[in-house]
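# Survey of secondary and tertiary structure
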Amino acid sequence: MSGKYCEVALPLPLHSAFTYAVPPAIEDAVLPGSRVVVPFRNRALVGVVLERTDRKPEAAKIREVVEVLDALPALPPRLLELGRWLASYYLAPIGEVFRAMLPPSVEVQPERILTLTDFGRGYMHDLDSALNRTETEVADHALLQLLEVGGKPLREIQVRKLPGGPAAAERLQRRGCIEGREVARRRKTRTQKIVAWNPIATHEPSSAAEKKLREVLTATRGPLPLPLLLQQAGVSRSVVMRLQSQGKLTAWEEPLAVEEDLFEADFEPPANVLNPDQQRAADEIHGWLDAGAFTVGLLYGVTGSGKTEVYLRAVAAALERGRAALVLVPEIALTLWIGRLCRAMFGEGVAVLHSALPDAERAREWWRVRRGEAKVVVGTRSAVFAPLENPGLIIVDEEQESSYKQEETPRYNGRDTAVVRAKLEGAVALLGSATPSMESFHNARIGKYRLLHLESRVEGRPLAAVTVVDMREDFRRTKKTAPLGESLRAAVAARLAQGTQALILMNRRGYSWFVLCRSCGASVQCENCSIALTFHKRRDRLICHYCGYTRPVPKKCLKCESPHVYFVGEGAEQVEEYLRKEYADARIGRLDRDTVRTKREYQKILSAFASGKLDLLVGTQMVAKGHDFQRVTLVGVVSADLQLGLPDFRAAERTFQLLTQVAGRAGRGALPGEVLVQTYYPEHYAIQFAARQDYAAFFEKELHFRRLMHYPPFTALANVIVRDRKIENAIRWARAIESFLSPHAAHGLKVLGPAAAPLARLKRDFRFQFLLKAPKRALLTRALSACLDFCVEKEIPADAVLVDVDPVSLL
């Protein structure tokens, strides 16, 4: 590889790469896409090589690459190209983009080391001659002497073991006596002891424990990790050690492997036959794959129309043509189901990638893909960066979901990134949904995307009957308030009597929305954000869902000290409690972020409901999409109008999508389904069209409003947030940006703001918001790029201005 220097993207909030010299010893290993360890100021950082070059930088001193982490470059050329596009389109720091694309760096860990300076050596000699040293000086002297005698840098972890060590180290660094810098050290590979029965040991076991060990290791399982062997055989560690010393057992060390996933075991995928609609869609996709050219298709089908089966046939077709396939889903829970289907159909060549995996497991799966051991990848948003070679098909299931949009830098949309990646790879991008986003369906209408339509459910099953329950009338009739109205309570009782299942959607976490004082009207606010804290009864805490701040529940008002504290609103936790009291004999589960944190917890709840071990499942939007529960005959929606009051132009679209999606969970088996939607705003068009499950009518009405108000898909949109811990700084910078953007209005750019953001304070930062609209994408990009340059010129901190291109939320 030619070039004495290389450009490296580092995980920093800066829009430029850095140039490093390539040492001759590793010249052949430093390739574009490789991860390298480089010095940056007094730290060691892991970056990615963008290119090799002979251009010598202007800087007098060029630092060298320290180490190459990978024999095979982590990112193939197409992903490097995709990363550059992301940085340009979303105006994101290039290093932050590649940090999002790279696998977890489990091979190295940062470590701080301390070295003695000349000034520190002089201070140590002064202390040598001091007669009456104070306790502080004794600690300083001990640390300095240790550095001098050792003659090499000291690890910070060693300093902690010294009396007064950490305090002395901080004190001496401030005085300039020692210097601290960060280095990257290789982590030791975690290993486990594997035990096997020695085939040479032919004599009969002499004890019951020995007999059990032999049975487990030969007839039942074969070689096992030591902890699992102790559990399976029911013996003690000393028994194993004794038999090993006698030569009856053999043992060796292996890298720690991921535990076998029992959820995947013995699963047979259903042998489905495609109906005519599905067959037409599959044939069309096969034709696109045969053409080998970039194509975007939108698979629009009602809930229960068999889109997943079309996906699986498309994946099989891509593999038959020697191409790889990528399947994106919006929720981790859905990776379990889709991943299970793919593994059953395509075997070990399937990898699953999502954020709930431990770093070591995620890195292992990522590298399986990079080495070509897996040709099919199933994952959430970040799996769009899976390093597949020659992908021919990229599927985005439930393409309308807001979870495909990352809400931190880089703020990319996984769906749009998937389309661009398909273009770079010459692949087919297949977007699927029963409720497509306004932008995607508009693109299909104007011919930019190819439209495939599944008009009916599989096997001719009818859509579930939807009834809108006016909770105002329910209260007038019963004079009671409860999470479930009279109609929904009766419907749940009927399903329990029939032995079928019911799904209850309450799209709000916690027990109550907030705590209110009945005397003065004050609520308990987050200390870091301008929002009321949510009550979680099981933890008996008030919690902020934005920053994580928690505090105990007050016994009296914090403002007026009134004892009349009232809990307002109901969340999923309260609905679950209500159901347990109302239906004491029912088996009830809850699925939300408070009950599931890991892959195992997701699997446990979903498999229990799918197998009929639960009668009722309460949950947030996690339960609303993609799942195929055959015995669910009732879906109840509590507080269907929650999102309609939000200051966001997508509120009606999200409400329609959520209600339509959750309605589609009912009646997917042989039994018909029913949906009851509880609302205080039954007249709203989003609720009315969702009740009729009429996407086309909703699209036309919503499109009319979008055209009138100049919102996507008719406008390129960006949300700019200016923030700082001090409100004076945020106001001053927002005014400066306003003065810069004002002249652009003459060229067609519409600038709304600055105004206080809907969440005016978030994680201690005061926030002001601009909304930028432009008729052309290029105009918006030029204005935003010039604005960021202006911020650099005016020394506005890089992290004080957040640019969100194509925002899905304006909060």
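Residues numbered from 1 in each chain as written. Predicted model: local features only at pLDDT ≥ 70, side-chain atom pairs only at ≥ 80, totals over all residues. Heavy atoms only, no water.

### Some words on helix 8 (residues 226–233)
Counted only if it meets this: Classification of residues uses two cut-offs on accessible area relative to the type maximum, computed with a 1.4 Å probe and protein chains only: under 20% is buried, over 50% is exposed, and between them is partly exposed. Strands here mean DSSP runs of E at least two residues long; helices mean DSSP runs of H or I at least four residues long; both are numbered from the N terminus. The directions considered for the arc are those from the helix axis to the C-beta atoms.
What helix 8 keeps buried is the set Leu-226, Leu-229, Leu-230 and Ala-233. Taken end-on, helix 8 shows its buried residues confined to a sector of 100°, consistent with a single buried face. Exposed and facing more than 90 degrees away from the buried side of helix 8 are Pro-227 and Gln-231.

### Observations concerning the pairing of strand 14 (residues 350–353)
Note the threshold: Two strands pair under a simple rule: DSSP has to find at least two bridges between them. The crossover handedness rule: strands pointing away from the viewer, path from first strand over the helix to second strand clockwise, crossover right-handed.
Of the two faces of strand 14, the one holding Val-350 and Val-352 and the one holding Ala-351 and Leu-353 are both buried throughout. The pairing of strand 14 with strand 15 (residues 376–379) spans four bridges and is classified as parallel. Note that in strand 15 the partner of Leu-353 across the bridge is Gly-379. Taken together, strand 14, helix 13 (residues 359–370) and strand 15 constitute a β-α-β crossover, and its handedness is right-handed.

### Details of empty space enclosed by the protein
We apply this condition: Residues are called lining when one of their atoms sits within 4 Å of a cavity or pocket point, these points coming from a 1 Å grid over the protein atoms alone, where a cavity is a set in which a 1.4 Å probe fits but cannot get out and a pocket is an open set with protein on both sides within 12 Å along at least five of seven lines. Grid points are joined across faces, edges and corners, and a volume is the space filled by probe spheres set on the points. Each residue gets one label: Ala, Val, Leu, Ile, Met, Phe, Trp, Tyr, Cys and Pro are nonpolar, Asp, Glu, Lys and Arg are charged, and the others, such as Gly, are polar.
Going through the model one piece at a time under the given rule, you end up with one cavity of 30 Å³ or more. Here the largest cavity defines a volume of roughly 40 Å³. What lines the largest cavity is simply Thr-308, Tyr-311, Leu-312, Val-315, Val-327, Ile-338 and Cys-342. Secondary-structure elements contributing two or more residues to the lining of the largest cavity are helix 11 (307–320) and helix 12 (332–346). Per-element tally for the lining of the largest cavity: the top contributor is helix 11, with four residues. Looking at side-chain class alone, the lining of the largest cavity contains six nonpolar, one polar and no charged residues.

### What to know about the packing of aromatic side chains
The way to describe two aromatic rings as a pair is by their centre distance and the angle between their planes. Cut-off, in case you're wondering: Stacked, edge-to-face and tilted labels apply to pairs of Phe, Tyr and Trp rings (six-membered ring for Trp) whose centres lie within 6.5 Å, assigned for plane angles under 30 degrees, over 60, and everything in between, in that order.
Enumeration over the complete set of coordinates arrives at 20 aromatic pairs. Consider the rings of Phe-609 and Phe-629, whose centres lie 4.9 Å apart with planes at 85°: the pair is edge-to-face. Of this pair, Phe-609 sits in helix 19 (residues 599–610) while Phe-629 sits in the loop between strand 27 (616–619) and strand 28 (632–637), and the two are 20 residues apart along the sequence. This pair shows no difference in class: Phe-609 is buried, exactly as Phe-629 is. Seen in terms of ring centroids, Tyr-685 and Phe-698 are 6.0 Å apart; in terms of plane orientation they differ by 25°. Their pairing is stacked. Taken as a pair, Tyr-685 in helix 21 (residues 685–692) and Phe-698 in helix 22 (residues 695–709) lie far apart in primary sequence, 13 residues in all.

### Quick notes on the pattern of salt bridges
As a reminder of what qualifies: A carboxyl oxygen of Asp or Glu within 4 Å of a side-chain nitrogen of Lys or Arg is what we treat as a salt bridge.
Evaluation of the coordinates by the stated rule reveals 48 salt bridges. One salt bridge in this structure joins Arg-99 and Glu-96, with 2.3 Å as the shortest N-O distance. In this pair, Arg-99 and Glu-96 are both assigned in helix 2 (residues 94–101), three residues apart and thus about one turn of the helix distant. We classify Glu-96 as buried; its relative accessible area is 10%. In this structure, Arg-121 and Asp-118 form a salt bridge, with 3.1 Å as the shortest nitrogen-oxygen distance. One end of the pair is Arg-121 and the other is Asp-118, both in helix 3 (residues 118–129) and three residues apart, which spans about a single turn.

### Let's talk about the pairing of strand 15
Here strand 15 shows no split at all, with Val-376 and Val-378 on one side and Val-377 and Gly-379 on the other all buried. Across four bridges, strand 13 (residues 324–328) lies against strand 15 in parallel orientation. Counted as the bridge partner of Leu-328 is Gly-379 from strand 15.

### Brief notes about the nonpolar core
Convention followed: Nine residue types can take part in a nonpolar core, namely buried Ala, Val, Leu, Ile, Met, Phe, Trp, Tyr and Cys, and a core is a set of them joined through side-chain atoms within 4.5 Å. We call two residues in contact when some of their heavy atoms are within 4.5 Å.
Counting 125 residues, the largest nonpolar core has Phe-98, Val-377, Leu-591, Ile-737, Leu-772 and Leu-784 as the members making the most contacts within it. With eight residues, the top contributor of residues to this core is helix 24 (residues 777–793). If we skip the residues at most four places from it in the chain, Leu-772 touches Ala-716, Leu-717, Ala-718, Val-720, Leu-741, Leu-749, Lys-750, Val-751, Leu-780 and Leu-784. Membership of the second largest hydrophobic core comes to 30 residues, among which are Ala-325, Val-329, Val-376 and Val-378.

### Brief notes about the sheet that holds strand 22 (residues 534–536)
Heads up, the rule is: Every axis corresponds to a line fitted to the C-alpha atoms, with the helix fit spanning only the stretch in contact, and the corresponding angles, defined between N-to-C directions, vary from 0 to 180 degrees.
Reading across from one edge, 22-23-24 is the order of the three strands in this open sheet, with antiparallel pairing throughout. Because the sheet does not close on itself, it has two edges, and the strands there are strand 22 and strand 24 (550–552). Strand-to-strand twist in this sheet, taken as the mean axis angle between neighbours without regard to direction, amounts to 35°. Sheet topology note: the strand 22/strand 23 (residues 541–543) ladder contains three bridges and is antiparallel. Residue pairing for strand 23: Phe-535 is matched across the bridge by Leu-542.

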